[in-house]
Amino acid sequence: MDVYDHRKIEVKWQKKWKEAGIYQPDLRKAKKPFFNLMMFPYPSAEGLHVGNMYAFTGADVYGRYQRMQGYDIFEPIGLDGFGIHSENYAISIGKHPAEQAKVSERRFYEQLSAIGNGFAWDQKLETYDPKYYKWTQWLFVQMFKHGLAVRKKAMVNWCPSCKTVLADEQVEGGRCERCGSETTRRETEQWFFKITEYAQRLLDNIDGTGKKKQETGNNGVIRTQFRPMPKGYDPRLVGLRWPEKIKIAQRNWIGKSEGTEIDWNYGKGRTITTFTTRLDTIFGVTFLVVAPEHPIVASLLNSKFKIQSSKLREVKSYIEGALKKTEQKRQAAEKEKTGVDSGLRGEHPLTGEPIPIWIAEFVLKDYGTGAVMGVPAHDQRDYEFASQHHLPIRKVIEVAGKSVADVAVTEYGTLVGSGLYDGYSSQEAMKGILRDLEAKKAGRKAVSYHLRDWLISRQRYWGPPIPMLFCQQCAKRGRTFKGGYLKGMAGWWPASEEELPVLLPEMSYENVRPAGDGKAPLEKAPESWLYTKCPQCGGRAKRETDVSDTFLDSSWYFLRYPSVNLKNSKHETRNGEISNRFEFRDSNFEIPWDQEVTRSWLPVDAYIGGAEHAVLHLLYSRFVTMALHDWDYLPFEEPFPFLFSHGLIIKDGAKMSKSRGNVVIPDDYINKFGSDTLRLYLMFLGPYDLGGDFQDTGIAGMYRFLTRVWKLYQDNSKLQLKNSKLGKNSNRDLERSLHRTIQKVTEDIGKFKFNTAIAFLMEFVNEWEDGGSLSREDCGSFLKLLAPFSPHISEELWQVIQQKEEAKASFSSIHVAEWPSFDEQLTQFKEVEIVVQVNGKLRGKFSVSAKDSENKEKLIALAREVKGVLPYVTAENPKAIIWVKGKLVNFVLS
RNA sequence: GGUCCGGUGGUGAAACUGGUAUACACGCAGCACUUAAAAUGCUGUCCCUUAUAAGAGGGGUGUGGGUUCGAAUCCCACCCGGACCACCA
């Protein structure tokens, strides 16, 4: 061994680690379990790009560091390969998704092996594996049984290219998140999960509802943000330890607003209800507006009201036009607020005045009550609407320095033109008006959420079939599942749990492709699959042909990991019996995870992933976990008490994507420089939470650094391998420097500040090269610090510096060695540099012993003598002398 | 339009809690080694003025103001870039 050759060592150690099982914790017996998890990857077209590798490496560095701190690290890996994304890719290259999945899987695992992460391979899982999706279906069945999975008609987003419906979260600015096509809207019957029932809890847990039990640092500064939550802490009390921006995104997505519902009578005891947060503007209402989908519109068209037929036609054509438009067009027309007068008049609950009721598409059916009161003077949208349709604008809030002209005045202020409330402040008036409305039973406090129910069904092939059956006979007789609380769901039965998984039927490539008529590909499945016995009446029942959303697959995978391939798994059934059976299709147990193992490994200790999942995956997972907790399947309700979100690696200023052609594949770099170098480079690029632009110019520098480290360990003048302890040798300064390095690297990795940790390692190497040698122990310490970043070279050199006999006797990896500790004494500098300022301006410096640097008189006396200050400072002139221990002296002259 | 980040050398970026701005690297330039190149090593590298030189002086963290003995850091206004959400009543 003489030249650094990454090709020789990387594969060698990867193999050895696997044999020795150093990354495979004993899931049953581990003493200090730590679940270190990176977000579930889905295989993209060409496999992993450096952006993915960046994400994985950071998480792995953190895991390795924690392992050396003595934790039993569980870092599993798997593949989220079911779903539209994988299916679209397969189809785009003319392949059957099932076939492509095998190819992607092999490629993916090969690449992952090459980057040298400490994965627990025994627990790998793939979402399209029937052993896995059996439980995804099981989860769906539980949702149904507990009344959280419902079928309802809804105006949904439709992607004409993917030919499926999409959840709101999957539509970005009117375009399909997956393929970028413009989406349209359709009314169809779909499966939903009622995530809205959990809106309040999802919101509350973000910040915690109990007294804050927070760790504080020396100055009361909260230091918790970047540290895992200790076992036993309850996020429900202390809140989630997540980056603030992710929490904000979730709060905004849940979008709670508190306001008032107001009933408007429009004749014969009929009322429509509006929702507002600005009750103080109620006297400024000059019209009401309902969404085109509002029930009042349907009854209007059924001619329950006497209105002119010309009016009716006008309303009809408006509604038809509005519903046909694509999201994109609706938005393009943002400035022009279309609408039509329904001819109906609502009665103002406080003044009795008749208020015209309009229909307009700017009002959303799903938010609040689907109807709003129009206050053009104090709401910008209402203002625009009123101007366009020549409706009166009535000012009722006076705000100093503001007047209603071209724009609405939306601030709080003082009421005018509001009868008894004239002169009141907005806040006071709101309280009074609410009381008035309550007295008249025409209004009440209400809360509205932006969050919508989770649209689960997809008219696609590549996903878990939704395990539901529909029986025509039962439907006719109005039989509903035993809870019976599911309105309009007569005839729907869940597949029995014994029957799971409902296997995805094999189908030809031609039939797998979405047909474009909105029908699911599974409609073309063989009859033997499509029809089965009704579990209720024994008649013929048809299977649901929609599959579930990919986000369902990934909403619970972390719960499964520790229980994958677990021997002798015990599952406690809910009546307390213990079952040992855990084989595929063996049905006599209830839940997909081992209770004991789940208790010791979950929730996830450190969850690391990209911020792009702030509202999708992270919200769904929280919801699912919460529901499972409520059904007594889990002892906790927050899956990820601690989350770190890393930045994005971009290339040429843009996110890596195939369509932009800027995808960088790690393979070539790994071949040329090795994964140790690439890992180091990626981690050095910038702060891990910010990401950065990938420019490969710097990568050679990292290789150079590793080569220099390699050379140091070949140079006997740098090593004192005979001494096991550093003694009275001449390298005291180097030793001090090493201890400072240990201190800083330890702190920085703990805070995910990988780039600065690496900088300190480099600084130390520079110093070491300049002179001095290190004891065996200290040589080892440095390698340990390097080990999380560049695991292979550290292992190689570690083995070399071990005494030969030891090394031969048994393999003891650096990656399970104990993290080095530092001597606080040694990290102190003997000499401290003191800065001398005059009026805050730097005028000179001097060195002083660490002890004297705390002595005020001494410091000031020395500072007066510094050459640079002599021209300025005399015995009398300083008005004040500012002195900071160990840092500076500042003479203030004026 | 809203919310949240961010703006520091030629480049990626450091700078704890307000206390030496530019650590660490990349790039570039010069030198050494070499027949030559690569590799490697050494030196220099924010800007301006001045000096033969060691050096000295001044300016400088998007712009303008403020607080302070002292501001990249805190406050206000503005400009620019990015991310996320967007007719949410």
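Rules behind the numbers
Residues numbered from 1 in each chain as written. Chains lettered and ligands numbered in written order. Predicted model: local features only at pLDDT ≥ 70, side-chain atom pairs only at ≥ 80, totals over all residues. Heavy atoms only, no water. UniProt positions renumbered as here; feature names shortened; annotations may be inferred. Salt bridge = Lys/Arg side-chain N within 4 Å of Asp/Glu carboxyl O. Near = heavy atom within 4 Å. Polar contact = N/O pair within 3.5 Å; in protein donor to acceptor, adjacent residues only side chain to side chain. Helix = DSSP H or I, 4+ residues; strand = E, 2+ residues; numbered from the N terminus. Nonpolar A, V, L, I, M, F, W, Y, C, P; charged D, E, K, R; others polar. Pairing = 2+ DSSP bridges. Axes fitted to C-alpha atoms, helices over the stretch in contact; angles between N-to-C directions. Contact = heavy atoms within 4.5 Å.

Under an unreviewed UniProt entry, chain A has the name Leucine--tRNA ligase. In the Catalytic activity (unreviewed entry) part of its UniProt record, chain A is described as follows: "tRNA(Leu) + L-leucine + ATP = L-leucyl-tRNA(Leu) + AMP + diphosphate". Regarding chain A, the UniProt comment filed under Sequence similarities (unreviewed entry) reads as follows: "Belongs to the class-I aminoacyl-tRNA synthetase family."

A. Molecular detail of the pattern of salt bridges. A full pass over the atoms with the stated rule returns 32 salt bridges. Salt-bridge contacts for Asp-5 lead to Arg-7; the nearest nitrogen and oxygen are separated by 3.9 Å. The shortest N-O distance in the salt bridge between Arg-381 and Asp-379 comes to 3.3 Å. Ionic contacts of the salt-bridge type, sharing partners, join the residues Arg-201, Asp-234, Arg-236, Asp-630 and Glu-637 into one network.

B. Molecular detail of the protein's contact with RNA strand B. Surrounding RNA strand B, one finds 51 residues, the nearest of these being Thr-277, Arg-381, Leu-685, Lys-845 and Asn-890. Protein-adjacent atoms of RNA strand B, using a 4 Å cutoff, are sugar or phosphate at a proportion of 57%. Tyr-367 places a polar side-chain atom, nitrogen or oxygen, 2.7 Å from a phosphate oxygen of RNA strand B. Side-chain polar atom of Asn-766 to a phosphate oxygen of RNA strand B: 3.1 Å apart, as the coordinates give it. If you tally residues by element for the surface near RNA strand B, the top one is helix H25 (residues 754-770), at six residues. Among the residues forming the surface near RNA strand B, the class breakdown is 19 nonpolar, 18 polar and 14 charged.

C. Looking closely at the sheet that holds strand S2 (residues 72-74). If you trace the four strands from one edge of the open sheet to the other, you get S2-S1-S28-S29, paired in parallel fashion. The open sheet has two edge strands, S2 and strand S29 (643-646), and neither has a second partner. Taken over all neighbouring pairs, the strand axes of this sheet differ in orientation by 20 degrees on average, direction set aside. Of the pairings in the sheet, the one linking strand S1 (residues 33-38) to S2 comprises three bridges and is parallel in character. Considered in S2, the bridge of Phe-35 is made with Phe-74. Each of S1, S2, strand S28 (606-610) and S29 is contacted by helix H2 (residues 50-68), which is oriented at about 170 degrees to S1, the strand it contacts most.

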